[in-house]
Amino acid sequence: KDSKGRTGQWNQTYRNMAVRTLICALNWAKKQGLISRHCLEAKGVIKTKKRSRGEEAYVPQIVYDKFIAAVNVNFGELLEVIRRTGCRPAEAYNIEARYYRPADKIVVYPGHPKPGEFEWKNAGKTGKDRVIYLDDKLVEIVERRIKLQPEGPVFRTTRNLRWGNEAVSTELRWYAKKLGIKPAPTAYGLRHSFATDWLFQGGSIKVLADLMGTSVAMIEKHYGHLQ
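Since the model is a prediction, treat every value here as computed from it, not as a measurement. (Residues numbered from 1 in each chain as written. Predicted model: local features only at pLDDT ≥ 70, side-chain atom pairs only at ≥ 80, totals over all residues. Heavy atoms only, no water.)

A. Seen up close, the side chain of Glu80. Within the secondary structure, Glu80 is located in helix H4 (residues 73-85). Here the side chain of Glu80 touches Lys137 through a polar contact of 2.6 Å, side chain to side chain. When residues no more than four places from it in sequence are discounted, the contact partners of Glu80 are Tyr64, Ile68, Lys137 and Leu138. (Helix = DSSP H or I, 4+ residues; strand = E, 2+ residues; numbered from the N terminus. Polar contact = N/O pair within 3.5 Å; in protein donor to acceptor, adjacent residues only side chain to side chain. Contact = heavy atoms within 4.5 Å.)

This is how it looks when you write it as structure tokens:
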């Protein structure tokens, strides 16, 4: 249960991820000589069919529309940023006035962040700036929120706290249960839905990779089923 007494259940994907994370931690401990063996060493502990990330996480438009109509404004506008730009959830959580460039209608995270700045996922690997392009609706949302929150993250919970994966997952599961939607959407599912819709509409893979801050190879790996 969360602080509001709401309950939720992990879907199979999250359970598999949790077990894999535990296995990695135990393997590291064994490599460091902290333990001699562990019970999850045997092959076949996790027996799941490999699926494309985009195929697994896709959120149909009708489901997304139900969520947007039901959730509070704070949460809904955060979801809109992820779904309409294809950005990573963490990139949406960390939008601040200092990263917004109104003249170009973009949010830019530096490729070489200074202490105290948000470090986007591939900054250390590529050294490139991460550019998130906003449409007119998102420009209105971001600029309005910057006026409310000139310092720190512009998207916050009803308790004025920074959003995080756990808080977002809890909200999505709670609303999914309330709306009778199974399985519950995920924040990353919104990013992957953006990519899937883009490719279904004949969009360029190269442009999509730039929009999502990833590589063409990663797009082909996770969305090859669309071919």
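Picking up after the structure, the text goes on.
B. Summary view of the environment of Val107. Take Val107: it is sitting in strand S2 (residues 106-109). Since its relative accessible area comes to 0%, Val107 is described here as buried. Not counting residues within four places of it along the chain, the set of residues in contact with Val107 comprises Ile95, Tyr99, Tyr100, Arg130, Val131, Ile132 and Leu134. (Buried < 20%, exposed > 50% of the residue type's maximum accessible area, 1.4 Å probe, protein only.)

C. Up close: unusual backbone geometry. The residue after Lys182, namely Pro183, is reached through a cis peptide bond having omega -10°. Along the chain, the position of Pro183 falls in the loop between helix H8 (165-179) and helix H9 (187-200). In this structure, Asn160 takes a positive phi of about 70° despite not being glycine. Position of Asn160 relative to the elements: it lies in the loop between helix H7 (136-148) and H8. Accessibility expressed as a relative area gives 43% for Asn160, which makes it partly exposed.

D. Region of interest: the pairing of strand S3 (residues 130-133). Covered by surrounding structure in S3 are Arg130 and Ile132 only, the residues Val131 and Tyr133 on the alternate face being uncovered. Pairing between S2 and S3: four bridges, direction antiparallel. Each bridged residue has a counterpart across the sheet, and for Val107 the counterpart in S3 is Ile132. (Pairing = 2+ DSSP bridges.)

E. Representation of the sheet that holds strand S1 (residues 100-101) in the model. Across the sheet, three strands lie side by side as S1-S2-S3; this open sheet has antiparallel pairing. Edge positions in the sheet fall to S1 and S3, since each of these pairs with one other strand and no more. Two elements, S1 and S2, share two bridges in a ladder whose sense is antiparallel. When the bridges of S2 are listed, Tyr100 appears paired with Val107.

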